[in-house]
Amino acid sequence: MASVTAQPGSPLAQAMRDIRRQAGTYQGVWSWIATVDHKRIGLMYGVTAFTFFLAGGIEALVIRLQLAAPNGNVVGADQFNRLFTMHGTTMIFLVVMPLSAAFFNLLIPLMIGARDVAFPRLNAFSYWVFLAGGIFMNVSFFTGGNIFKGELGAPDGGWFGYAPLTLNAFSPGHGIDYWAFGLQILGVASMASGFNFIVTILNMRAPGMTLFKMPLFVWMTLVTSFLIVFAMPVIAVALFELLFARLYDATFFTTAAGGTPLLWQHMFWLFGHPEVYILILPAMGIVSEVLPTFSRKPLFGYPFVVFSGIAIGFMSWGVWAHHMYTVGLGPVANSAFGISTILIAVPTGVKIFNWMGTLWGGSIRMNTSLLFSVGFIAMFTIGGLTGVTHSMVPSDYQQQDTYYIVAHFHQVLFGGAILALFSGIYYWFPKFTGRLLSERLGQVHFWLTLIGFNLTFQPMMILGLLGMPRRIYSYSDGMGWDVWNMIATTGAFMIAASILVFMYNVVVSLRSKEEAGADPWDARTLEWTIPSPPPPYNFAEIPTVRHLDDFWHRKYAENEEGQLVPVVAGGANGEHASDGHGIHMPSPSVFPLIAAIGFPLLAFGFIYDYALVAVGAVFLLFGLYGWALEPATEEGEEGAH
Amino acid sequence: MQKARPTANSLVGTRTGSMRRLLGAALLLGIVALLSGCDAFGGPQNTFAPGGDVAEKQRNLFLLVAVLGAIIGLAVFAVLLYTMVHFRQRSPDDPPPKQVHGNQRAELIWTILPAILMIGLAFPTVEGIIDLGRDPKDDALKVDVTALRFAWQFEYADYLKDDGTPLKVDAELHIPVDQEISVTLHSVDVIHSFAVPKLAGHLDVVPNRSNRMWFNATALGTYSGQCMEFCGIDHANMKFQVIAQTPEDFDAWIQEQLDAANAGAPPAPPEQPAGE
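From a predicted model like this one, the values you see are computed outputs, not experimental measurements.

Thresholds, definitions, all that
Residues numbered from 1 in each chain as written. Chains lettered and ligands numbered in written order. Predicted model: local features only at pLDDT ≥ 70, side-chain atom pairs only at ≥ 80, totals over all residues. Helix = DSSP H or I, 4+ residues; strand = E, 2+ residues; numbered from the N terminus. Buried ≥ 20, exposed ≤ 12 C-beta atoms within 10 Å, placed from the backbone. Contact = placed C-beta atoms within 7 Å. Rg over C-alpha atoms; globule rule 2.2 N^0.38 Å. Pairing = 2+ DSSP bridges. Axes fitted to C-alpha atoms, helices over the stretch in contact; angles between N-to-C directions. pLDDT = per-residue confidence, 0-100. Nonpolar A, V, L, I, M, F, W, Y, C, P; charged D, E, K, R; others polar. Parallel < 35°, antiparallel > 145°, perpendicular 65-115°, else oblique. Left-handed = near helix turned anticlockwise from the far one by under 90°. Expected span 1.5 Å × (residues − 1).

A. Examining the overall build of chain B more closely. When helices and strands are counted, chain B shows four helices and ten strands. If you list the helices and strands of chain B from N to C, you get α-α-α-β-β-β-β-β-β-β-β-β-β-α. Expressed as a percentage of the 276 residues in chain B, the buried residues total 32%. Summarising the internal contacts of chain B: among those between residues at least 6 apart in sequence, 66% fall at separations of at least 24.

B. Region of interest: the overall build of chain A. Each helix and strand counted, chain A has 18 helices and two strands in total. The C-alpha atoms of chain A give a radius of gyration of 25 Å, which matches the 26 Å a tight globule of 641 residues would have. Structurally, chain A occupies a C-alpha span of about 70 × 70 × 50 Å along its principal axes. Look at the contacts in chain A between residues 6 or more apart in sequence, and 80% of them connect residues 24 or more apart.

C. The sheet that holds strand 9 (residues 221-226) of chain B, seen in detail. All names here are of chain B. The strand order across the open sheet formed by three strands is 4-10-9, and the pairing between neighbours is mixed. Every interior strand has two partners, whereas the edge strands, strand 4 (172-176) and strand 9, have only one. The average undirected angle you get between the axes of adjacent strands in this sheet is 25°. Note: strand 4 against strand 10 (residues 239-245), five bridges, orientation parallel. The residue of strand 10 that forms the bridge with E172 is Q241. In the packing of helix 4 (residues 247-262) onto the sheet, the strands contacted are strand 4 and strand 10, and the crossing angle to strand 4 comes to about 135°.

D. Region of interest: the pairing of strand 7 (residues 200-205) of chain B. Residues and elements named next belong to chain B. Of all six residues in strand 7, six are buried, a share of seventy percent or more. As paired strands, strand 6 (residues 192-196) and strand 7 are joined by four bridges and run antiparallel to one another. Bridged to F194 within strand 7 is L203. Adjacent in sequence and paired antiparallel, strand 6 and strand 7 are bridged by three residues.

E. Fine view of the confidence of the model for chain B. All names here are of chain B. In this model, chain B carries an average pLDDT of 86, and 81% of its residues clear a pLDDT of 70 or more. Low pLDDT, under 50, characterises residues 1-16; the predicted model gives this stretch 14 contacts beyond four residues in sequence or across chains. Among the prediction metrics, the complex's ipTM stands at 0.90, with pTM recorded as 0.91.

F. Representation of the confidence of the model for chain A. Averaged over chain A, the pLDDT score is 92; the fraction of residues at 70 or greater is 95%. The low-confidence segment residues 636-641 of chain A, where pLDDT is below 50, has four contacts with residues more than four positions distant or belonging to other chains.

G. Highlighting unusual backbone geometry. The omega angle of the peptide bond from A163 of chain A to P164 of chain A is 0°, so this bond is cis rather than trans. With respect to the element layout, P164 of chain A can be found in the loop between helix 5 (120-139) and helix 6 (175-203). A positive phi angle, near 55°, is found at D522 of chain A, a position not held by glycine. Residue D522 of chain A is classed as partly exposed on the basis of its C-beta count, with 18 C-beta atoms lying within 10 Å. A positive phi angle, close to 65°, is found at N208 of chain B, a residue other than glycine. Here N208 of chain B falls in the partly exposed class, since 15 other C-beta atoms lie within 10 Å of it.

H. A look at the interface of chain B and chain A. Each partner contributes to the interface: chain B provides 77 residues, whereas chain A provides 81 residues. Only helix 2 (53-86), helix 3 (104-133) and strand 7 of chain B provide two or more residues apiece to the side of chain B that touches chain A. Tallied by class, the residues present in the side of chain B that touches chain A amount to 41 nonpolar, 25 polar and eleven charged.

I. Examining the packing of helix 8 (residues 261-295) of chain A against helix 10 (residues 331-359) of chain A more closely. Residue and element names in this part refer to chain A. At a minimum axis separation of 9 Å, helix 8 and helix 10 run at an interaxial angle of 20°. Comparing their axes, helix 10 and helix 8 come out roughly parallel. The way helix 8 lies across helix 10 gives a crossing that is left-handed. Counting all contacts with helix 8, which are made through M284, V287, L291, P292 and S295, the residues of helix 10 involved are K351, W355, T358 and L359. Class assignment of the residues belonging to the contact of helix 8 with helix 10 gives a composition of six nonpolar, two polar and one charged.

J. Seen up close, the sheet that holds strand 2 (residues 151-160) of chain B. Residues and elements named next belong to chain B. Strand order across the open sheet formed by five strands is 3-2-1-5-8, with mixed pairing between neighbours. Strands with a single pairing partner mark the edges of an open sheet, and in this sheet they are strand 3 (166-170) and strand 8 (211-215). Taken over all neighbouring pairs, the strand axes of this sheet differ in orientation by 25° on average, direction set aside. Direction of pairing for strand 1 (residues 141-148) relative to strand 2: antiparallel, over a ladder of six bridges. In the strand pairing of strand 2, D144 is matched with E155. Along the sheet, helix 4 contacts strand 2 and strand 3; its crossing angle with strand 3, the most-contacted strand, is approximately 100°.

K. Just the environment of F142 of chain A, in detail. Turning to its location among the elements, F142 of chain A is positioned in the loop between helix 5 and helix 6. C-alpha of F142 of chain A to C-alpha of L152 of chain A: the two residues are ten residues apart in sequence and 6.2 Å apart in space.

L. Quick look at helix 3 of chain B. In this model, helix 3 of chain B (30 residues) spans 43 Å end to end at C-alpha, consistent with the 44 Å of a helix rising 1.5 Å per residue. The set of residues buried in helix 3 of chain B consists of E107, W110, P114, L121, T125, G128, I129 and L132 of chain B. On the buried face of helix 3 of chain B, the contacting elements are helix 9 (302-315), helix 10, helix 11 (368-391) and helix 12 (393-399) of chain A together with helix 2 of chain B.

M. Representation of the packing of helix 3 (residues 38-67) of chain A against helix 5 of chain A in the model. Residues and elements named next belong to chain A. Taken N-terminus to C-terminus, the directions of helix 3 and helix 5 make an angle of 15°; their axes are 10 Å apart at the nearest point. With respect to each other, helix 3 and helix 5 are oriented roughly parallel. Read as a crossing pair, helix 3 and helix 5 show a hand that is left-handed. Note on element contacts: helix 5 touches helix 3 through P120, N123, A124, Y127, L131, G134 and N138, opposite H38, I41, M44, Y45, T48, F52 and A55. Here the contact of helix 3 with helix 5 is built from residues that sort into nine nonpolar, five polar and no charged.

N. Broad picture of the environment of H235 of chain B. Structurally, H235 of chain B can be placed in the loop between strand 9 and strand 10. For H235 of chain B and E172 of chain B, which are 63 residues apart along the polypeptide, the C-alpha to C-alpha distance reads 17 Å. Setting aside residues up to four positions removed in sequence, H235 of chain B forms contacts with R471 and I472 of chain A together with F150, C227 and F230 of chain B.

O. Highlighting helix 9 of chain A. Helix length check: helix 9 of chain A, at 14 residues, gives a terminal C-alpha distance of 20 Å against a target of 20 Å (1.5 Å per residue), a fit within 8%. Residues of helix 9 of chain A that are buried include every one of Y302, F304, V305, V306, S308, G309, I312, G313 and M315 of chain A, and no others. Each element contacted by the buried residues of helix 9 of chain A is listed here: helix 7 (216-248), helix 8 and helix 10 of chain A together with helix 3 of chain B.

P. Quick peek at the environment of E172 of chain B. Residues and elements named next belong to chain B. Mapped onto the secondary structure, E172 falls in strand 4. On the basis of neighbour counts, which here come to 16 C-beta atoms within 10 Å, the residue E172 falls in the partly exposed class. Residues E172 and Q153 lie 19 residues apart in sequence; the distance between their C-alpha atoms is 8.1 Å.

Structure (structure tokens):
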């Protein structure tokens, strides 16, 4: 392929030019295909991740039905193993991470006063690769035979895929191949997006916005992006080793040939623990924006919250072996990781206290967004405290791989991340749709979620302490687990009901005629200075920033007693002098999509037939080539950026 | 959360609120009491009812941090609830609150105090790790445990058959009460985890790695154990029993097993000791 060059007159160059021109003329749905607008990409991330959320949720409901009573027979052991593997993988890689990415995309340029991210086409590429990876992973359900007879082909090694169980000897079929290739593809998307946001945040801030005038959400995005670009390569190496073992009989994890299974665990958790913070830090950023707005007070101790976030970022690299207390690393290693796990609780606790300090003394507006954020604080406190119990290593020997762990990390990932993400959805929905979500339905959604969540996961804590292991498809009666499992299943369906209420809310609210306006919450950050939904160019005039929470300070001044005084002629400047004419925006492009299509084809090729590898490579190279040769501005247009 | 009340009489509002909460707590306690009546807090793998020193130590450590955590958690919840009720906006025309940007002293206190508390927790943790990780006593009964998909085998290195190989049994590990047991774990295939919740927490069974742990039973009885590391399709059914007997009964059982093995006959199904 390297010999192919696109001479100006060659057919290849002509084809690329045609594709490029075509992309510029797309209308309607098609314009989304070629979009490089961060807001559209953010919305696509959100909708796609929510769709996977429904898929992962249905998997969870089947799991809960199976375990509702002893000796369940809703599904068999084989299907059950595939369902919990896909539930975990989906919720982590296809739901919480991309939902966070949706918020990054929607908000970061607006919050820092920029017109787009640093690399708009790379951003589109991230999305399409994520979508390709997500679809590829889920295609595996259909490749195991007749799905209507329960013959699923999905991976069955758990989301953690411990070797040697994942080797061909113990996991024949292609399920694990789909899992490993799928995660590799998703890793490409995450890496690209991580670099993009690091560069965007460091380089594209509006004049005057120093690092310590950035909204907290931007800080947390920055820390998360660094974690992503350092953590994803670790699992990429582990997955390559696994794939080489499965495809070409490499012996990294094969004891008979001198390999070691624990190598996988070290690499997986060296990725896996920073990953936990990749999932939770954006949520913490969202809450840190919502609470000040609705208590009408600045975030309490902004520098402490920033530095504790950075501290968490660093410390998350030193706790991975707390997932491995029971593998027999010995007292020294267990003590070291026990203590580091104890210590990481401190910056997390600091954040909780600071959020409460933000609410304290405020004028708290009780709406759905705030309730979800407060729910986050409460549930995440339980998550954090149960996390501390894990640092008591000898006690953790009992809880490792029981439902206690399942309860703990759902406290963190559902009670934490998902509640905060919902808080963010209610908060920023009006900004991107121009419509407020219904408060009445929102409150129903919140209380159903909170009660359902507690009914589902608090009993699991007790189940774990009663010795119920994770990942068992069935249990006999007489174990003392029946009542708690039944409660948990009831709670799970309550959560499902709450999600239906939320979906109904979105549909109803989108149809409503009532306009939200530019600044419905009397909010603090730059995104509220522009109309809802924002124009493609975001800011007609790039703002100049003087304060942390700059918009708030344009509206209100503070006297010496800390009392607010409205600023005359302050407030939303949604109506700009300029109509955006003459602002140069990046041209639409379909080359990121073309390149992204190459990845699943490559993976199919390695699994089934090398001919497909060639097809995938053509897509990938053609996409990247066309992308690289695309001019920054279209011919004939005077380049002004 | 309470809806904003039109009256400014927040004192009354809070009082009825706390009454309601008290009622709620009483109701919850009632449910808990009811559930415990029907064996909801029992079961053969209940870590709160240890039958040996290791599990007891683990339970005590858990209770220590759980009670501490519950106190902290309830305090956080109480403050949060108070904040939400007391500082809620009663009308959109409420005057804006005082703008507090932070308080360095408060923040230092709530950074350093938890840090000290956490470091305090490190001491019992490390002590526990060292105690549970120590070598077994010299008089410990040595058992080699082999895990394979999806079964458990136990070999008594101290009791040899006529052909010189150790006595080997399936699925049921008999042990003498009040004597330390030293188990060495072997896997022939994937990673498993050896767990008898009432006697001791887990230790993984890793291929090519002989993990070792000690535990004992301080009460006679049958203890339920099962694999706690996902190992494939029949993971859920990879169970075993540990039967703690008096030393006399244990010796008799060993003799019976040895005789049966030496005669080439399958060993008789073991008797179940009564009760736990």
